[in-house]
Amino acid sequence: YADYAKSKGIPLETINQKYGATGMINCDGYRASAQITGNNSTITTAGHVFFDGIKCTSRKFKGCHFSILEDGKESRISVPLDTLKLGKCDPESIEGDWAVLKLARPASKNIKAYQPPDADFRFKGNQDVVQASGYSSTFAVGNKRPRHLLDCQIRDVAVFAGYPLQ
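Let me begin by describing the structure that accompanies this report. (Residues numbered from 1 in each chain as written. Predicted model: local features only at pLDDT ≥ 70, side-chain atom pairs only at ≥ 80, totals over all residues. Heavy atoms only, no water.)

This brings us to unusual backbone geometry. At Asp28, a residue that is not glycine, the phi angle is positive and equals roughly 50 degrees. Examined against the element boundaries, Asp28 turns out to sit in the loop between strand E1 (22-27) and strand E2 (30-36). A positive phi angle, near 60 degrees, is found at Cys56, a position not held by glycine. (Helix = DSSP H or I, 4+ residues; strand = E, 2+ residues; numbered from the N terminus.)

What follows is the structure, given as structure tokens:
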């Protein structure tokens, strides 16, 4: 996030506080961005981490962990797979491409969990947003896939019901 902070003239500490709930889930070497959502014991990520989005077959993992920067240090928190709640796989739509899991322990109280929007929330027009990624092949340098922030515009956001984040 340091490059983004520098380019915007914003202190890195401010950026880390605002986007610090973004990290990476790693399940037997299969990695994806994930974020602490609702409270410091819950993460959300893409459903296709756990199922093939074309064939809709489940991926079976032995274990998962969530990596995040906690109090200035990289931490790995175990993610029990028996807490997994998944959307519905549909190769024709991305609406069911979500997953919610509980962490084995809460993340640091200094990390501010992202809060889900109200069910009727919609962006108006082409609002500017910042995309936070904990793992990205787009910005890969060799085998490293750094966390990054990216300015972009979004046209619409759908909110999915199904799993309580409290």
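Note on terminology: a disulfide is the covalent bond linking the sulfur atoms of two cysteines. Overall, the coordinates contain two disulfides when judged by the stated rule. A sulfur-sulfur separation of 2.1 Å characterises the disulfide bridge that pairs Cys56 with Cys89. Disulfide Cys56-Cys89: the torsion about the S-S bond is -75 degrees, which places it as left-handed. With Cys56 in the loop between strand E3 (42-45) and strand E4 (64-70) and Cys89 in the loop between strand E6 (85-86) and strand E7 (99-102), the pair connects residues that are 33 residues apart, well separated along the chain. For Cys56, a relative accessible area of 33% puts it in the partly exposed group. Taking relative accessible area as the criterion, Cys89 reaches 17% and is therefore assigned buried. (Disulfide = S-S within 2.5 Å. Buried < 20%, exposed > 50% of the residue type's maximum accessible area, 1.4 Å probe, protein only.)

Looking now at the nonpolar core. Residues Ile25, Ile36, Ile43, Phe50 and Phe66 are the most contacted members of the largest nonpolar core, which totals 22 residues. Among the nonpolar cores identified, the runner-up in size contains five residues, and Tyr1, Tyr4, Ile15 and Tyr19 belong to it. (Core = buried A, V, L, I, M, F, W, Y, C linked by side-chain atoms within 4.5 Å.)

Once that is clear, we can look at the pattern of salt bridges. With the rule as written, the count across this model stands at one salt bridge. When the shortest N-O distance is used, the salt bridge between Glu70 and Arg105 registers 2.8 Å. Of this pair, Glu70 sits in strand E4 while Arg105 sits in the loop between E7 and strand E8 (127-133), and the two are 35 residues apart along the sequence. (Salt bridge = Lys/Arg side-chain N within 4 Å of Asp/Glu carboxyl O.)

Under the counting rule described, the total for this entry stands at two aromatic pairs. Measuring from ring centre to ring centre gives 6.2 Å for Tyr30 and Phe61, while their planes differ by 40 degrees; the resulting arrangement is tilted. Of the two residues, Tyr30 is situated in strand E2 and Phe61 in the loop between E3 and E4; the sequence distance between them amounts to 31 residues. Phe61 gets classed as buried once you look at its relative accessible area, which sits at 18%. Clustering of aromatic rings is evident, with ring pairs tying together Tyr30, Phe50 and Phe61. (Phe/Tyr/Trp six-rings, centres within 6.5 Å; stacked < 30°, edge-to-face > 60°.)

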